[in-house]
Amino acid sequence: MIYFMFMMAFMVFFLVFKHILSSLISLEFMALAMFSMFSLSPMLLKSEMYSSFLFISIVVCEAALGLSLIILWVRKKGNDLFITF
Amino acid sequence: MLNSFWGFMFFMGMLSGVWISIHSNSWFGVWAGLELNLICFIPFIIQGDVVCSEPSVKYFLVQACASFLLFFSGVSMMNYMGVMKSLITISLLMKLGAAPFYFWYLWVGNSLKWIQFLSLSTIQKISPLVLLFFSGLNKGSEVLIYLSIIVGGVVGGIGGINEASLRKLLVYSSLNHMGWMMMPLMVENELWLVYFFFYCLMLMMVVWILYLLKLYYLNQMFSVSISWIAKLTLFVSFLSLGGLPPLLGFFPKFIVIEMSSGSLMLFSLFFLIMSSVITLFYYLRASLSVLMLNYSKVKFNFTFSEKFSMILIMIMTMIGGVMSIMFFQSFLQ
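An account of the accompanying structure is given in this report.

Here is what the cut-offs are and how they apply
- Residues numbered from 1 in each chain as written.
- Chains lettered and ligands numbered in written order.
- Predicted model: local features only at pLDDT ≥ 70, side-chain atom pairs only at ≥ 80, totals over all residues.
- Heavy atoms only, no water.
- Helix = DSSP H or I, 4+ residues; strand = E, 2+ residues; numbered from the N terminus.
- Rg over C-alpha atoms; globule rule 2.2 N^0.38 Å.
- Buried < 20%, exposed > 50% of the residue type's maximum accessible area, 1.4 Å probe, protein only.
- Contact = heavy atoms within 4.5 Å.
- Areas by Shrake-Rupley, 256 points an atom, 1.4 Å probe, with all protein chains shown as cover.
- Expected span 1.5 Å × (residues − 1).
- Core = buried A, V, L, I, M, F, W, Y, C linked by side-chain atoms within 4.5 Å.
- Buried area = accessible area lost by both parts, 1.4 Å probe.
- Salt bridge = Lys/Arg side-chain N within 4 Å of Asp/Glu carboxyl O.
- Polar contact = N/O pair within 3.5 Å; in protein donor to acceptor, adjacent residues only side chain to side chain.
- Axes fitted to C-alpha atoms, helices over the stretch in contact; angles between N-to-C directions.
- Parallel < 35°, antiparallel > 145°, perpendicular 65-115°, else oblique.
- Left-handed = near helix turned anticlockwise from the far one by under 90°.
- Nonpolar A, V, L, I, M, F, W, Y, C, P; charged D, E, K, R; others polar.
- 1 Å grid on protein atoms, 1.4 Å probe; cavity = no way out; pocket = protein on both sides within 12 Å on 5 of 7 lines; lining within 4 Å.
- Points joined across faces, edges and corners; volume = space filled by probe spheres on them.
- Phe/Tyr/Trp six-rings, centres within 6.5 Å; stacked < 30°, edge-to-face > 60°.
- Lys NZ or Arg CZ within 6 Å of the ring centre and 35° of its normal.

**So, the overall build of chain A**
Reasoning step 1: Each helix and strand in chain A was counted, giving 3 helices and 0 strands.
Reasoning step 2: The order of helices and strands in chain A, counted from the N terminus, is α-α-α.
Reasoning step 3: Whereas a compact globule of 85 residues would reach a radius of gyration of roughly 12 Å, chain A reaches 16 Å, over 25% beyond that.
Reasoning step 4: Reported as C-alpha extents along the three principal axes, the dimensions of chain A are approximately 55 × 25 × 10 Å.
Reasoning step 5: For chain A, the proportion of its 85 residues judged to be buried stands at 39%.
Reasoning step 6: Once local pairs closer than 6 in sequence are excluded, the contacts in chain A between residues at least 24 apart make up 54%.
Reasoning step 7: As presented, chain A carries roughly 5,300 Å² of accessible surface, and 78% of it is formed by carbon and sulfur atoms.

Okay, structure coming up:
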């Protein structure tokens with residue numbers, strides 16, 4: 001099930017044509033799928049779950065970086081579309 | 001870049017990201033190192049073009065996607081699905097900018113200044129190549145790496161013929177060299193590292209001269225009037241990148257040919273050698289301005305007083321080839 005979630009997120013990342021924010025959202029969706037995998041599978045194996053914290057903290061840094069890159073893009077071009085005339 | 005405090009910190013962060021991902025036991029550490037590398041490299045791309053920084057967004061998207069894919073397929077390998085092995089290889093090829101995932105590398109590489117281009121081509125390639133070597137999955141997904149070698153070699157050769165931008169030329173040449181580098185990787189031989197080291201050295205020599213002269217396009221090369229030492233150094237560096245025999249660039253190719261000539265990889269070797277000749281064509285075309293004796297010179301004086309580095313580069317290319325054959329005799333057996 002989590003494979004399906006991740007693969008769908010991956011596919012959506014590639015099918016984005018217009019807004020850059022959509023591709024960032026799909027990146028976060030990928031991260032969400034992996035976070036659920038990290039949280040759920042140690043519960044099944046009855047082991048510790050601390051790796052999800054480490055994972056989510058690095059993902060948050062990366063998401064913040066992506067957002068600030070979009071801000072730079074929007075400052076120059078006026079919108080966050082990939083193709084502008 | 002290394003002048004300011006934060007530039008230095010980001011550079012060290014980049015190198016430590018590479019270090020962490022190389023030396024980690026699990027896919028988690030690998031991913032953490034790759035993310036650290038990405039996060040610390042983005043400010044360098046922005047620094048070249050502070051206003052918009054379009055290449056940084058493209059670079060970020062592709063690399064983030066590839067590292068998520070790598071992490072996911074690495075972690076979910078516990079079911080030993082065959083698909084996951086090739087997904088790891090796919091994601092590492094995406095990170096490298098190797099064929100068939102080289103389009104982002106073309107766009108990003110064309111928008112960078114020379115120093116950022118150099119670090120994109122050398123430092124950012126270390127960890128994916130090491131991971132490709134150590135993952136040991138090349139037994140299962142050989143077809144993918146064969147594809148990458150042959151397509152990379154041919155595209156790197158033919159794609160650069162119609163290019164006028166020097167950065168795109170060097171991107172196509174790095175595609176070709178990636179094909180050469182992945183030949184020893186496929187049989188889990190350590191010689192790819194030797195090739196990578198020599199490639200970094202040769203690329204640094206070429207980019208150093210072009211950086212000093214601030215040349216980004218092919219037609220700009222005809223409008224600099226520099227001393228004959230600098231011209232000759234540029235010529236020799238380009239030829240060494242193309243792999244002509246007595247120069248430095250021939251030695252790594254010779255090692256790979258020696259290693260793979262008795263084995264079943266002759267088919268891909270054939271494609272690589274043929275495409276190397278085509279890359280040599282566009283290196284020669286790039287250094288054509290050296291061979292012109294009488295062309296229109298610019299009116300203002302262009303002072304270029306980096307004689308020592310030019311002479312060092314010349315010595316390294318001309319003598320280094322012969323010296324490395326003598327020193328590395330053990331590799332050739």
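**Brief notes about unusual backbone geometry**
All names here are of chain B.
Reasoning step 1: Between Ala99 and Pro100 the backbone carries a cis peptide bond, its omega angle lying at -5°.
Reasoning step 2: One non-glycine residue, Glu188, lies in positive phi territory at about 55°.
Reasoning step 3: Relative to the helices and strands, Glu188 is located in the loop between α9 (166-186) and α10 (191-213).
Reasoning step 4: Take Glu188: its relative accessible area is 31%, and that puts it in the partly exposed class.

**Considering helix α3 (residues 54-75) of chain B**
Reasoning step 1: Under the 1.5 Å per step criterion, the end-to-end length of α3(B) is 32 Å for 22 residues, consistent within 8% with the ideal 32 Å.
Reasoning step 2: Of all the 22 residues making up α3(B), 19 are buried; the element is thus mostly covered by neighbouring parts of the structure.

**Some remarks on the nonpolar core**
Reasoning step 1: With 129 residues, the main nonpolar core has A:Leu27, B:Phe60 and B:Phe68 as its most contacted residues.
Reasoning step 2: The element contributing the most residues to this core is α10(B), with 18 residues.
Reasoning step 3: Counting residues in hydrophobic clusters, the runner-up holds 7 residues, among them B:Phe235, B:Leu239, B:Leu280 and B:Met314.

**Here we look at the interface of chain A and chain B**
Reasoning step 1: Taken residue by residue, the interface counts 31 residues in chain A and 30 residues in chain B.
Reasoning step 2: Buried area between chain A and chain B, summed over both chains or domains, comes out near 2,800 Å², and the portion from carbon and sulfur atoms is 87%.
Reasoning step 3: Run the count over chain A and chain B and you get 1 salt bridge.
Reasoning step 4: Ionic pairing is found between A:Lys77 and B:Glu54, a salt bridge with its closest N-O pair at 2.7 Å.
Reasoning step 5: Applying the counting rule to chain A against chain B returns 1 residue pair in polar contact (both at pLDDT 80 or more).
Reasoning step 6: Elements with a minimum of two residues in the side of chain A that touches chain B: α1 (2-14), α2 (20-45) and α3 (51-77) of chain A.
Reasoning step 7: Of all the elements, α3(A) adds the most residues to the side of chain A that touches chain B, at 14 residues.

**Some remarks on the packing of α1(A) against α3(B)**
Reasoning step 1: Interhelical geometry of α1(A) versus α3(B) gives an angle of 165° and a closest axis separation of 12 Å. As summarised for this structure, α1(A) and α3(B) are arranged roughly antiparallel, according to the angle between their axes. For the pair α1(A) and α3(B), the sense of crossing is left-handed. In contact with A:Ile2, A:Tyr3, A:Phe6, A:Met7, A:Phe10, A:Phe13 and A:Phe14 of α1(A), α3(B) contributes B:Leu61, B:Cys65, B:Phe68, B:Leu69 and B:Phe72.
Reasoning step 2: Split into classes, the residues belonging to the contact of α1(A) with α3(B) amount to 12 nonpolar, no polar and no charged.

**Points about the layout of surface pockets**
In this approach a probe as big as a water molecule rolls over the atoms, and the regions it shows empty are the leftover space.
Reasoning step 1: The volume enclosed by the largest pocket comes to roughly 590 Å³.
Reasoning step 2: Together, 21 residues line the largest pocket, and A:Phe13, A:Phe14, B:Val62, B:Trp104 and B:Trp107 are the ones closest to its centre.
Reasoning step 3: No other element matches α3(B), which puts 5 residues into the lining of the largest pocket.
Reasoning step 4: Broken down by class, the residue content of the lining of the largest pocket amounts to 17 nonpolar, 1 polar and 3 charged.

**Observations regarding the packing of aromatic side chains**
Reasoning step 1: Enumeration over the complete set of coordinates arrives at 36 aromatic pairs over all chains.
Reasoning step 2: A ring pair is formed by B:Phe250 and B:Phe254, whose centres lie 5.5 Å apart and whose planes are at 25°; its orientation type is stacked. Residue B:Phe250 and its partner B:Phe254 are located together in helix α12 (residues 250-260), separated by 4 residues, close to a single helical turn.
Reasoning step 3: The rings of A:Tyr3, A:Phe6, A:Phe10, A:Phe13, A:Phe14 and B:Phe72 are connected pair by pair, giving a single aromatic cluster.
Reasoning step 4: Over the ring of A:Trp73 we find A:Lys77; its NZ or CZ atom is 4.6 Å from the centre of that ring.
Reasoning step 5: Just above the ring of B:Tyr216 sits the side chain of B:Lys113; from NZ or CZ to the centre is 5.8 Å.

**A word on the pattern of salt bridges**
Reasoning step 1: Applying the stated criterion across every chain, the model contains 2 salt bridges over all chains.
Reasoning step 2: Close ionic contact of B:Lys58 with B:Glu54 constitutes a salt bridge, the shortest N to O distance being 2.9 Å. Placement of the pair is B:Lys58 and B:Glu54 together in helix α3, with a separation of 4 residues, close to one helical turn.
Reasoning step 3: Judged by relative accessible area, which is 25%, B:Glu54 ranks as partly exposed.
Reasoning step 4: In the salt-bridge network here, residues are joined through shared partners; they are A:Lys77, B:Glu54 and B:Lys58.

**Thoughts on the environment of B:Ser227**
All names here are of chain B.
Reasoning step 1: Along the polypeptide, Ser227 turns up in the loop between α10 and α11 (228-242).
Reasoning step 2: The class for Ser227 is partly exposed, based on a relative accessible area of 31%.
Reasoning step 3: For the pair Ser227 and Lys307, spaced 80 residues apart in the sequence, the C-alpha separation amounts to 9.2 Å.

**Some words on the packing of α2(A) against α3(A)**
Residues and elements named next belong to chain A.
Reasoning step 1: Between α2 and α3, the least distance of the axes is 10 Å, while the angle of their chain directions is 180°. Accordingly, the angle class assigned to the pair α2 and α3 is roughly antiparallel. Residues Ile20, Leu21, Leu24, Glu28, Ala31, Met34, Phe35, Phe38 and Ser39 of α2 lie in contact with α3, whose contacting residues are Ser51, Ser52, Phe55, Ile56, Val59, Ala63, Gly66, Leu67, Ile70 and Trp73.
Reasoning step 2: Here the residues of the contact of α2 with α3 are counted per class, giving 14 nonpolar, 4 polar and 1 charged.

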